[in-house]
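Listed below, chain by chain, are the residues.
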Amino acid sequence: MKKVWVAGAIMAALAAGAVQAKEWKTVRFGIEGAYPPFSWTDENGELQGFDVDMANALCEQMQVKCQLVAQDWDGIIPALLARKYDAIIAAMSITEERKRTVDFTGKYALVPNKFVAPKGAEFELSKEGLAGKKVGVQIATTHDKYLTDNFGDDVTLVRYGNADDAYLDLKAGRVDYVFLDATAIEEGLLNKEGGDAFEFVGPSVTDERWFGEGFGIAVRKQDKELKEMLNQAILDLRENGKYQEVNSKYFDYDVYGE
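This one's a predicted model, so the numbers in the text were calculated from it and none came from an experiment.

## A word on the overall build of the protein
- Helices and strands together make up the secondary structure of the protein, namely 11 helices and 13 strands.
- Counting only C-alpha atoms, the protein reaches 65 × 45 × 35 Å along its principal axes.
- Restricting to contacts in the protein with at least 6 residues of sequence separation, those with at least 24 account for 69%.
- Here the protein displays about 12900 Å² of accessible surface, and carbon together with sulfur accounts for 48% of that area.
- Averaging the locations of the 30 positively and 43 negatively charged side chains of the protein gives two centres separated by 8 Å.

Spelled out as structure tokens, the structure:
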């Protein structure tokens, strides 16, 4: 009897989820709010950035009300699964590891990953070149995993809750390099006061095994209707020019990629 009751409860929950998925009137987006130009929090405590504008544009296209929820990066997927919000739009790379936990839309942006260092610093992307070096990364990111998997104990990783803290330590000489996506480094460091003392070093890193197919919007696996709605809305924004309008506010090139 217990097994029958549990099975029945699961079926009822799935059925309820299916009904809900067809009645989306509000979509709540989880956004980091600390990763410019994709998202940041201004002096008034308001969320700003490419991801914010994209979320609002997607909601307008889907004809639903939009709610934005700020969430620290290291808890962003658990909070989605806990139903704190319905989708994540936070410059999150589509990877096989994350697909085991959540579903993704198709990409809405594609950005290469780069190392940044003080001008004139020597750099070699190899175990020998990184041996004894300290590299700043944002914790629980694809950048963190890439370096851990490929360089292990040969490199000392210094993990941060947000990119700004990594830049501060780079400026103070407490780390040798910072490794993040190139657009975030440009906006958060190179284009700011004092940024001319730093430069990109080494090649762009785009290995799909770690960095996936681009940035996607994450949803819970059972919310297939929402995923389909978002996928169609992304395509519609590309077709009607709204994507390009948002893009031009933050980038001098098409961040969608090829």
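## Some details on the pattern of salt bridges
- Tallying each qualifying case throughout the model produces 14 salt bridges.
- The closest approach of N and O atoms between Asp86 and Arg28, which form a salt bridge, is 2.9 Å. Of this pair, Asp86 sits in the loop between helix H3 (76-81) and strand E6 (87-88) while Arg28 sits in strand E1 (residues 26-31), placing them 58 residues apart in sequence.
- For Asp86, a relative accessible area of 3% corresponds to the buried category.
- Judged by relative accessible area, which is 23%, Arg28 ranks as partly exposed.
- Asp169 serves as the salt-bridge partner of Arg174, at 2.7 Å between the closest nitrogen and oxygen.
- Sharing partners across several salt bridges, the network here consists of Arg28, Asp86, Arg220 and Asp223.

## Thoughts on the packing of aromatic side chains
- If you walk through the whole model with that rule in mind, you get 19 aromatic pairs.
- Relative to Phe215, the ring of Phe38 lies with its centre 5.3 Å away and its plane at 80°, an arrangement referred to as edge-to-face. With a gap of 177 residues between them, Phe38 in the loop between strand E2 (34-35) and strand E3 (39-41) and Phe215 in strand E13 (residues 215-219) connect regions that are remote in the sequence. One exposure class covers both Phe38 and Phe215, and it is buried.
- Look at Tyr146 and Phe179: their rings are 5.8 Å apart centre to centre, the planes differ by 45°, and that puts the pair in the tilted class. One end of the pair, Tyr146, is in helix H6 (residues 142-151); the other, Phe179, is in strand E11 (residues 177-181), and 33 residues separate them in sequence. Judged on exposure class, the residue Tyr146 and its partner Phe179 are both buried.

Criteria and cut-off values
Residues numbered from 1 in each chain as written. Predicted model: local features only at pLDDT ≥ 70, side-chain atom pairs only at ≥ 80, totals over all residues. Heavy atoms only, no water. Helix = DSSP H or I, 4+ residues; strand = E, 2+ residues; numbered from the N terminus. Contact = heavy atoms within 4.5 Å. Areas by Shrake-Rupley, 256 points an atom, 1.4 Å probe, with all protein chains shown as cover. Lys, Arg positive; Asp, Glu negative; His and termini not counted. Charge placed at Lys NZ, Arg CZ, Asp CG, Glu CD. Salt bridge = Lys/Arg side-chain N within 4 Å of Asp/Glu carboxyl O. Buried < 20%, exposed > 50% of the residue type's maximum accessible area, 1.4 Å probe, protein only. Phe/Tyr/Trp six-rings, centres within 6.5 Å; stacked < 30°, edge-to-face > 60°.

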